[in-house]
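Structural characterization, general
Now for the letters of each chain:
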Amino acid sequence: MATTADKLADLRARLDKARDPGSERARKKRDDAGRSTPRQRIDALLDEGSFVETGALGKTPGDPDAIYSDGVVTGYGRINGRPVCIYAHDKTVYGGSVGVTFGKKVTGVMDMAIKIGCPVIGIQDSGGARIQDAVTSLAMYSEIARRQMPLSGRSPQISIMMGKSAGGAVYAPVTTDFVIAVDEEAEMYVTGPNVIKEVTGEEVTSAELGSARQQELNGNVSAVVASEDDAFDVVRDLLDHLPLTCFDPAPLADAPSDADVADDADLDEFMPDDTNAGYDMLDLLTQLGDDDELIELQENFAPNMITAFGRIDGKAVGFVANNPLHLAGCIDADAADKGARFIRICDAYNIPLIFVVDTPGYLPGVEQEKVGLIHRGAKFAFSVVEATVPKISLIVRKAYGGAYAVMGSKNLSGDINLAWPSAQIAVMGSAAAAVMIAGRQLDAAPTPEAREMQKKMFMDFYDETMTSPYVAAERGYLDAMIRPGESRLALRQALRQLEGKNTSDLPKKHPIAPM
């Protein structure tokens with residue numbers, strides 16, 4: 001008969017075995033590659049000593065050779081003192097593939113997050129479905145996906161891509177709010193290179209198909225980072241700007257006083273005199289917030305549209321801004337998708353939106369029409385109107401056509417619209433207007449030189465009169481014309497005024513977004 005001491009010894013032995021249960025060969029391969037264990041990754045992200053593991057002794061039922069953990073480490077802990085639920089794939093056990101116990105462990109921590117209201121973080125490094133488990137594996141993927149819906153927009157969900165993830169292992173991450181990928185380690189694809197070659201005859205390397213950089217260009221990744229530690233830093237920074245649930249406030253930070261931001265002389269000198277000169281909008285955004293710390297998302301996807309978290313008056317805000325360095329700040333189909341999704345994230349978590357506007361319009365071209373600029377651009381506008389958080393627009397230069405409307409204009413539900421004297425607000429720019437309005441007169445010019453002279457005269461007149469921001473101000477489409485140096489104080493005063501904003505839609509089940 002086993003004594004209590006025997007039972008305690010047996011428990012210790014089982015737990016020791018469960019600490020790193022993969023085969024010796026699999027562990028050696030991991031160690032030789034310099035990769036961390038799932039528990040080391042969790043400990044590196046969470047507050048020291050805060051991780052509490054669940055399901056350490058879980059195994060595949062009915063299999064005498066089953067391995068502890070079933071390929072995933074699950075539990076809960078704290079980040080900067082705030083609760084999170086977390087799971088991390090173990091590539092040394094069944095390749096990190098999803099089986100029945102794996103699925104039950106992950107859904108268990110997701111259920112806990114739903115009950116208590118806290119973020120869910122998944123450290124992804126998976127071979128996908130466990131083929132030998134057949135329909136059971138697919139069922140577990142569906143169980144995980146089913147829990148993402150009640151969490152979506154209620155508590156933040158973050159995925160960290162640490163290795164190769166295929167098939168179902170990529171659908172769950174891209175359904176989360178943020179996807180952070182480690183460069184030269186993470187790979188993502190629905191179908192791997194070998195299967196593609198077998199089915200279609202196409203030959204491609206796994207890196208060409210789904211590397212972190214490639215998936216960033218595809219719009220599937222929020223940020224690409226150089227290392228695991230960098231990924232954990234991004235996650236901590238994101239959570240510092242996000243609430244535990246949509247019903248909670250986001251964390252506050254120390255902020256400069258009103259006196260410190262009341263008059264920023266550098267901003268008065270920021271805008272180039274040449275209305276077509278390029279500049280990096282990020283340089284402006286870092287001057288508008290409390291400090292120069294921004295969390296830019298999808299940096300290399302549609303760089304003509306900047307989406308970033310920052311802080312004003314100590315509170316998290318979401319910046320949506322055009323970048324004249326790329327496509328002159330035009331909004332193309334990818335930029336519209338990027339902006340729409342970010343707006344919905346900010347709206348879900350009650351983070352005010354700051355639109356910083358310098359755009360000559362939607363990007364024209366045959367290719368843009370082919371890729372669906374009509375419905376994708378409409379989706380951007382739809383997300384702006386749908387958002388009920390405070391919406392403040394600061395027009396710093398060009399605001400033309402439909403792009404003006406969707407960048408937080410008053411007529412499309414913007415709350416407070418501000419403009420610098422350098423702002424230009426019109427249906428279109430002067431070059432396009434010259435063709436549309438004075439095209440016949442220009443074509444009738446006796447010489448090319450005369451035509452260019454007339455065109456320049458028309459454009460100068462148009463810029464002086466038709467694009468003047470004072471026309472919009474006179475008609476009530478702007479709340480205030482401000483000096484650039486007053487912008488920081490004006491933005492925080494606007495946010496304070498809108499803090500109690502409360503709007504609601506007409507009663508219905510839900511709206512239907514554009515195609």
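Up top is the structure.
Now for a look at the structure at hand.

Scoring rules and cut-offs
All residue numbers refer to position in the chain's written sequence, counted from 1. Note on the predicted model: pLDDT of at least 70 is required for a residue's local features to be given, and 80 or more for side-chain atom pairs to be given and counted; whole-chain, interface and lining totals, by contrast, use all residues. Calculation of side-chain values draws on the structure's entire complement of heavy atoms; hydrogens and water are dropped beforehand. Each helix is a run of DSSP H or I of at least 4 residues and each strand a run of E of at least 2, with the numbering of both proceeding from the N terminus. Burial status follows relative accessibility: with a 1.4 Å probe on protein chains alone, a residue under 20% of its type maximum counts as buried, one over 50% as exposed, and anything between as partly exposed. Contacts are assigned to residue pairs that have any heavy atoms within 4.5 Å of one another. Comment: axis = line fitted to C-alpha atoms, over the contacting stretch for helices; angle = value between 0 and 180 degrees taken between N-to-C directions. Angle categories: roughly parallel below 35 degrees, roughly antiparallel above 145, roughly perpendicular from 65 to 115, and oblique for all the rest. Note: crossing handedness is left-handed where the near helix turns anticlockwise from the far helix by less than a right angle, and right-handed where it turns clockwise. Gly is placed with the polar residues, together with every amino acid not listed as nonpolar (Ala, Val, Leu, Ile, Met, Phe, Trp, Tyr, Cys and Pro) or charged (Asp, Glu, Lys and Arg).

Here we take up the environment of Glu-208. Within the secondary structure, Glu-208 sits in helix H8 (residues 206-210). According to the relative accessible area criterion, Glu-208 is exposed, its value standing at 51%. In this structure, the C-alpha to C-alpha distance between Glu-208 and Pro-193, residues 15 residues apart in sequence, is 9.4 Å.

Right, let's talk about the environment of Ala-308 for a bit. Mapped onto the elements, Ala-308 comes out in strand E11 (residues 305-312). When its relative accessible area of 0% is taken as the criterion, Ala-308 is described as buried. Each C-alpha atom of the pair Ala-308 and Ala-321 lies 8.7 Å from the other, and the pair is 13 residues apart in sequence. Look past the residues within four positions of Ala-308 in its chain and what remains in contact with it is Ile-295, Glu-296, Val-317, Gly-318, Phe-319 and Phe-342.

Turning to the packing of helix H14 (residues 333-348) against helix H16 (residues 373-386), a few remarks are in order. Relative orientation of the contacting elements H14 and H16 amounts to 20 degrees, with a least axis distance of 8 Å. Overall, the two elements H14 and H16 adopt an arrangement that is roughly parallel. When you trace H14 past H16, the crossing you get is left-handed. Each of Ala-333, Asp-334, Ala-336, Asp-337, Gly-339, Ala-340, Ile-343, Arg-344 and Asp-347 in H14 lies in contact with H16, whose residues at this interface are Leu-373, Arg-376, Gly-377, Lys-379, Phe-380, Ser-383, Val-384 and Glu-386. Each residue belonging to the contact of H14 with H16 can be placed in one class, and the counts come to 7 nonpolar, 3 polar and 7 charged.

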